[in-house]
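A closer look at the structure
Here's the letter readout for the chains.
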Amino acid sequence: MKYTGWKIISDEFENGNRQSKDALFTVGNGYFGIRGFFEENGEAAVGNGGIYVAGIVGKGFHKSYTGKSRELCNIANIFRVRLSVNGNGINGTEVSDFSRTLDMKNAVYSRRYIWNNSVALEFSRFADMADVHRVGQKIVVKSLTDNNKIDLYALIDTDVVNLNKVSCEPLPIQPGRDHITERKIGANSVETVLDDEDCTRLYAAQKVMAFINGKPVGGVAYADSRATGMRYGIVLARDDELVIKKVAAVYTSKYEPDAKEETAAFLRTDIDYDAVFNDSCAEWEKRWNAANVEIKTDTDDDTAVRYNLFELMCACPVHTDKVSIGARGLTGEMYEGCVFWDTEIFQLPFFIYSDPAAARRLLTFRYNTLEQARRYARELRMEAGAQYPWQVSEKGIEQTESSAGFFSVHLMADIAYAIKNYVNASGDDEFLVSMGAEMLIEIARFWEKRSIHSDFDGYYHIMTVRGPNEYSPIVDDNAFTNYMAAQNLLYAVAVADMLESDHPQEYKKLAERIGFCRSEIKKWKDIADNLYVGYDEKKHLVAEYPTYFNRYPFDIKKYKPTAKRILESGTPYDFLYFYQITKQADTVLLMCLLPDLFSDEEKKAAYEYYEPRTVHDSSLSYAPHAWLASRILKTEEAYAYFKQCAYLDINDMKLNAVSGIHFANFGGTWMSLVFGFCGISFENGVLKIDPKLPEKWESVKLNLTCRGENIHIEVSKKGVKAFSLSKDSKIKILCEGNE
Ligand code: IFM
C-alpha cells in the first residue's frame, strides 16, 4: 500500500482474491455504500459487488432472536461494464501496470491497468455528496496499438446476488441470494421489486455520454431481460481515447414516496457529469474543512488517520434520520447494516465535534425508534421504560441471532451518555427538550426496573448482564454497566429538573404523554448513589465484575497464537466463562468515558491489570487501550495500540475486512488521537488541551466544532496553539492549564 496524504494506492492485482480489498476502497455518501469491486466483466457472480443503499434490505434467512430477519441488499449494479477488444472480452489475465487508488479529497475510487498490451483502461467512480441519490462513473479506454475494435456496454444490470453473509470465511466469497423478485427493464432505467416485507421498489436510471478524443460520439441503446444501457462499437487508432461519462440515480419506495416520479424527472433533465462531480467535490471540501486532521510525521499515520475519517463520513446519512451507521457501515454484509452501541460510543464523538447536524441525525434515529424500544421492553416483561435492541434494524427491531442481545443492556447507558455528550458539545438544548429528555426518562425507568435492591448488603445490583466483555456473557454488577447507568440516572434527574423549571409547558405535555411523575426521580437518585461495584481497596482496582478476580488465569499466548479470535483456535465459547479473559476493552473503556470519576492511580491499576488479560477479539478494543495508555503517560504503548486502530482495515489485521470494514474502530482512531494524545476535553464551555504526542509525531493540527464555534488547534512538541474562529467566542480554552 502507498500513502500520499490524500490518497491510498494499492498495486496488487490479486487475481482470484481480489474481493479482499474491495471493502477497503468503498466510496459512499450515507445513501450509497459502493465497494471497490471491478465493474468490467470477468468477475462471475461475486463481481456483483456490492452496492448498498442505507436501510434497503431483502428477506433474511438467518434466525434473529425476535422479529423478522433481513439482509442488507446488494442493489442493481449501476456501474456494470461489458468490454471487449477485437472480439476478446477483457478478463483477469494479460493485466499489467495495475493500480487502484482512493482519492479521499474528492472521494473518488479509480483503477487503471493495461490489458493485453493493447489498451490502457481507467475506471473511476464517486457517490455524489451534493445530491446523494446520484453516482458518477468515468471510463477511459486508450488505444496503445493501431485499429483496436472496442465494444463497450455501459449498463445497469439487475443480474446481481448478495455476497455471502459468512464471507469472512476463506476467500473466494461464495455468491449469496438474489433478492430481486421482479424486474422491469426500460431504456436506461430499471424498476426492481425486492423480497423484503415492504416489497420495496427500487428505481435506477442513467445518463451516459461518450467522447473520442474530446468529441462527443453517439451510442446505441441496448437492453436484455436483465440489463439496460448504451453500447459503443468503435475503432480506435493508436493513442485515441474513448471516454465514457455516466451519471446514475437511484430512488426507493421505502424512503422516497415519489421515487418513480423522481426517476422519471432525472431522465428528463440534462445532466452534466463534470458539474455533478464538481458539486460533489465542493461538498467534500466543506466536510474536510471541518473534519481534517493533519499529522506532521515521517510515518504514514497522517494518511491512515484520514482514511478512517473518510470512511466515517462516507457512511454517515446526510439525507435522513430514519437510518444510522451500521457496525460495518455500507461496506459489507456482516451484521447486515445493523446498528450497535458502536455508533453512540465510538463513532458519534467524531461527528459531534466536526458535523453536529449529522450527530443530531444519528441520535434522532434513536428517538425515531423509541416506540419500538418501549415495545421491546414490554415483550421482555419490563413494565416501564424502553430497551433498545442490541443489534437493531432500520425499523428498530432486534436482529441479534441469539438471546445475548437481551443481556447487553449497557446499550441504554451508551445512548444516554451520547445524548449528554452531544448536548454538552453542541449546546443544542432544543434537541434535549424535544427528544433527548423523553429518551433519558425512558432509559432511567429501564434502569429502575433493572436494578434490584438487596436487603443483605444495602446496595442496588444490576444482575444478569453482558458488559462490553462478551466473553463473560452473563454476570452481575458489571462495573461498566453500573457506572454508566448511575451517570444516566443522575443526568435524567438533572434534565427532568431543568425541563420543569425552564420549559414548563413542554414538561407538562411530556409528563402527561408518557405518564411521568416527579416521585420517580427520588428512586433514580437513590439507585445512582447506591449501585454496587466490586473494588479491590488494596490495589485500587475496579472489578470488571465482582467474581472476575476469582476466575482462573488464561494463557493468551498459548490459546491465541494468531490474529484470529480465540474461538477460531478451538476454545469452546462456554469454556471462556471460567477464565480471567476479557474480549475487548471493558473497564479500560469505562475509565476513558468517565475520566473524572477515577483517580490516576485507579486508571493505571485498571490498565495494568486488564490489558494483559484482554485478547482484543473485537475491533472495538484497541482504541480505548490507546486512549487510556496515553492518558496515564504510557505514550509509546499507546502509540502501538493507535497503530492497530489506524491501520486495522488497511492491513486487514482482523482478517475479515472482506465482509465489511470496522466503523467503531474508525471513530476510535479519532478519539485516541484527539482525547488521548492531544488530551482534549470539552465540558461546560471549557476546552482543555493537555497533550502528550508520540515520539514519531512532530505536530497535529485539527479543527473542532464546539457550541457552534470553530476552534483551530495545533499541538506540537513545542507547545499548543488554539483559538476560536468566532469573533465573539464564548469558549474558554485552557492549554496545559493556562487560559
Ligand atoms: O458492538 C460490537 C461488539 O461490542 C463486539 N462484537 C461486534 C459488535 C459490532 O461491532
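Residues numbered from 1 in each chain as written. Predicted model: local features only at pLDDT ≥ 70, side-chain atom pairs only at ≥ 80, totals over all residues. Heavy atoms only, no water.

**What about unusual backbone geometry?**
Excluding glycine, residues mostly have negative phi values, and the peptide bonds linking residues are mostly trans. The test is simple: Each helix is a run of H or I in the DSSP string that is no shorter than four residues. Each strand is a run of E no shorter than two, and both are numbered from the N terminus. Relative accessibility thresholds used throughout: buried, under 20% of the residue-type maximum; exposed, over 50%; partly exposed, between the two (1.4 Å probe, protein chains only).
For Asn86, which is not glycine, the phi dihedral falls at a positive 55°. Its place among the elements puts Asn86 in the loop between β8 (81-85) and β9 (88-89). Residue Asn86 is classed as partly exposed on the basis of its relative accessible area of 39%. Its identity is not glycine, yet Glu736 carries a phi of approximately 45°, on the positive side. Tracing the chain through its elements places Glu736 in the segment after β32 (732-735).

**Topic: the site of the ligand**
Let me state the cut-off plainly: Here, proximity means that at least one heavy atom of the residue falls within 4 Å of the molecule or strand. Between N or O atoms, a polar contact is any pair within 3.5 Å; within protein, one atom must be a potential hydrogen donor and the other a potential acceptor, and residues adjacent in sequence are included only when both atoms are from side chains. Method for areas: the Shrake-Rupley scheme with a 1.4 Å probe, in which residue coverage is limited to the protein chains shown. Polar here means any residue outside two lists: the nonpolar Ala, Val, Leu, Ile, Met, Phe, Trp, Tyr, Cys and Pro, and the charged Asp, Glu, Lys and Arg; Gly therefore counts as polar.
Close contacts around the ligand come from Ala327, Tyr335, Phe340, Trp341, Asp342, Trp390, Glu470, Lys583, Gln584, Ser618 and Leu620, and that covers them all. One of the side-chain nitrogen or oxygen atoms of Asp342 is found 2.6 Å away from an oxygen atom of the ligand. In the environment of the ligand, a nitrogen atom lies 3.5 Å from a nitrogen or oxygen atom belonging to the side chain of Glu470. For the ligand, whose unbound accessible area comes to 280 Å², protein coverage reaches 91%. Split into classes, the residues belonging to the shell around the ligand amount to six nonpolar, two polar and three charged.

**A word on the sheet that holds strand β22 (residues 293-297)**
Convention followed: Strand pairing is defined by DSSP finding a minimum of two bridges between the two strands. Orientation is described by axes fitted as lines to C-alpha atoms, over the contacting stretch for helices, and by angles from 0 to 180 degrees between their N-to-C directions. Contacts between residues were defined by any pair of non-hydrogen atoms, one from each residue, lying within 4.5 Å.
What the four strands build is an open sheet, ordered β22-β29-β30-β31; its pairing is antiparallel. Only two strands of the sheet have a single partner each, and these edge strands are β22 and β31 (719-724). Averaged over neighbouring strand pairs, the angle between their axes works out to 10° when direction is ignored. Two elements, strand β29 (residues 697-706) and strand β30 (residues 709-716), share eight bridges in a ladder whose sense is antiparallel. Paired with Leu704 across the strands is Ile711, a residue of β30. Sitting on the sheet, helix α3 (residues 301-315) touches β22 and β29, and the angle it makes with β22 is about 160°.

**Here we look at the side chain of Thr299**
Counting through the fold element by element, Thr299 comes out in the loop between β22 and α3. At 2.8 Å, the side chain of Thr299 and the side chain of Thr297 are in polar contact. One polar contact links Thr299 to Asp301, side chain to side chain, over a distance of 3.1 Å.

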